[in-house]
Amino acid sequence: INLTTIMSNNTNTETSENETGMEKKVETYEVTFPVVCPGHSRPVVDVRYSPVTEDGTFLISACHDKLPMVRWADNGDWIGTLEGHKGAVWSACLNHDATRAATGSADFSAKLWNSISGKEIHTFDHKHIVKSVEFSKDGTQLLTGGLDKTLRIFDLGNPDQTPISLDAKDKIRRSSWLNSENQIVICACEDGFIRKWDIRSQEIISELKAFEKSGVKDLEISAHFQKLICCGGNVVKIYNSDTFELCNEIEVKNDIEAASLHPSGKRFIAGGADLWVHEYDLVDNGNEIACHKGHHGPIFCMRYDPEGKTYASGSEDGTIRLWSATP
């Protein structure tokens with residue numbers, strides 16, 4: 001990716017020799033956490049990291065100001081804004097090499113973008129608000145879901161082709177791919193159910209009533225597709241993503257909107273109505289090990305970076321904050 005890093009003020013210059021034996025200067029910088037990332041003017045409702053690429057790791061955010069933004073994940077510096085939606089953006093993600101972005105919006109559309117140039121590539125029309133977008137692991141397909149209770153799978157090699165449509169039975173909050181072969185998809189709905197489909201048969205292969213008294217607020221699949229974390233009300237649950245066997249159930253003090261599982265599977269983060277970000281240790285029976293205050297409004301989204309060293313949170317206050325994860 002032909003991008004130039006915006007260096008922070010806290011820089012140092014080191015000298016090393018290149019292949020020709022000549023000296024070259026290399027600028028390094030330190031990041032002090034938490035990092036506050038301004039730029040949005042309305043609530044931030046989704047933050048997502050790219051995988052680690054040869055150019056680094058990137059962060060994309062969805063916001064009700066209609067303007068998703070791409071940033072450097074290590075220091076939060078702004079790279080670019082994707083302009084084109086006419087309604088609040090509810091979901092945003094990057095593909096495996098961060099060259100493409102996808103967004104879902106209240107303007108009844110999902111969009112595919114060139115994340116390097118910021119240009120729109122294609123618009124996928126929907127019948128209602130799009131709440132969730134996610135690329136397949138190989139980047140060839142796009143999964144969308146929203147308030148029309150339908151999962152759609154678009155072939156990005158032929159974007160004008162009619163997508164595969166699956167009846168989700170209720171309004172969709174989150175959706176995701178469940179294996180690297182692009183065969184299984186999953187969604188979390190406002191009726192409290194999590195449902196799993198086999199795309200080949202286009203039928204539900206299992207469903208789980210995760211929450212009786214609330215809808216599923218957030219759902220995330222672990223990096224190796226082995227576990228899923230979800231939350232509703234003041235409860236976080238972690239399941240085996242294949243069998244739907246319950247692995248952990250943790251009740252927290254306040255209602256939460258977002259939760260994310262550490263890549264190691266040993267910790268998770270959660271945030272919501274109390275404005276704090278919380279870290280919990282699954283090895284120690286889900287006990288809280290850290291909490292941080294900084295946001296001035298409820299927290300709507302949280303995700304760990306791919307290496308688990310930091311995590312991002314987005315809030316009603318219009319900011320994204322980057323935090324150092326507990327080692």
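The shown structure was predicted, so the numbers you read here are calculated from the model rather than taken from an experiment.

### Quick word on the overall build of the chain
Thought 1: The number of helices and strands found in the chain is zero helices and 30 strands.
Thought 2: Each of the three principal axes of the chain carries a C-alpha extent, and together these read 65 × 50 × 35 Å.
Thought 3: The buried share of the chain, reckoned over its 327 residues, is 54%.
Thought 4: Taking the intrachain contacts of the chain between residues at least 6 apart in sequence as the baseline, contacts between residues at least 24 apart amount to 40%.
Thought 5: Here the chain has roughly 14,700 Å² of accessible surface; of this, 45% comes from carbon and sulfur atoms.

### Some words on the nonpolar core
Thought 1: Core analysis: the biggest nonpolar cluster contains 16 residues, and Ile186, Ile194, Leu219, Leu228 and Cys230 have the highest contact counts within it.
Thought 2: At the level of elements, strand 17 (184–189), strand 20 (218–221), strand 21 (227–232) and strand 22 (235–240) are the ones that each hand at least two residues to this core.

### A word on the pairing of strand 23 (residues 246–251)
Thought 1: For strand 22 and strand 23, the ladder comprises five bridges, and the chain directions are antiparallel. Each residue of the ladder has a partner; that of Val236, found in strand 23, is Ile250.

### Details of the side chain of Ser115
Thought 1: With respect to the helices, strands and loops of the structure, Ser115 is situated in the loop between strand 10 (109–114) and strand 11 (120–125).
Thought 2: You can call Ser115 buried: its relative accessible area is 11%.
Thought 3: Separated by 3.2 Å, the side chain of Ser115 and the backbone nitrogen of Arg100 make a polar contact.
Thought 4: Filtering out sequence-adjacent residues up to four positions away, Ser115 remains in contact with Leu94, Ala98, Thr99, Arg100 and Ala101.

### Here we look at the environment of Thr150
Thought 1: One can find Thr150 in strand 14 (residues 150–155).
Thought 2: Separated by 22 residues in sequence, Thr150 and Ile172 have C-alpha atoms that sit 7.6 Å apart.
Thought 3: Leaving out residues up to four positions away in the same chain, Thr150 has contacts with Thr144, Gly145, Ser165, Leu166, Ala168 and Ile172.

Parameters at a glance
Residues numbered from 1 in each chain as written. Predicted model: local features only at pLDDT ≥ 70, side-chain atom pairs only at ≥ 80, totals over all residues. Heavy atoms only, no water. Helix = DSSP H or I, 4+ residues; strand = E, 2+ residues; numbered from the N terminus. Buried < 20%, exposed > 50% of the residue type's maximum accessible area, 1.4 Å probe, protein only. Contact = heavy atoms within 4.5 Å. Areas by Shrake-Rupley, 256 points an atom, 1.4 Å probe, with all protein chains shown as cover. Core = buried A, V, L, I, M, F, W, Y, C linked by side-chain atoms within 4.5 Å. Pairing = 2+ DSSP bridges. Polar contact = N/O pair within 3.5 Å; in protein donor to acceptor, adjacent residues only side chain to side chain.

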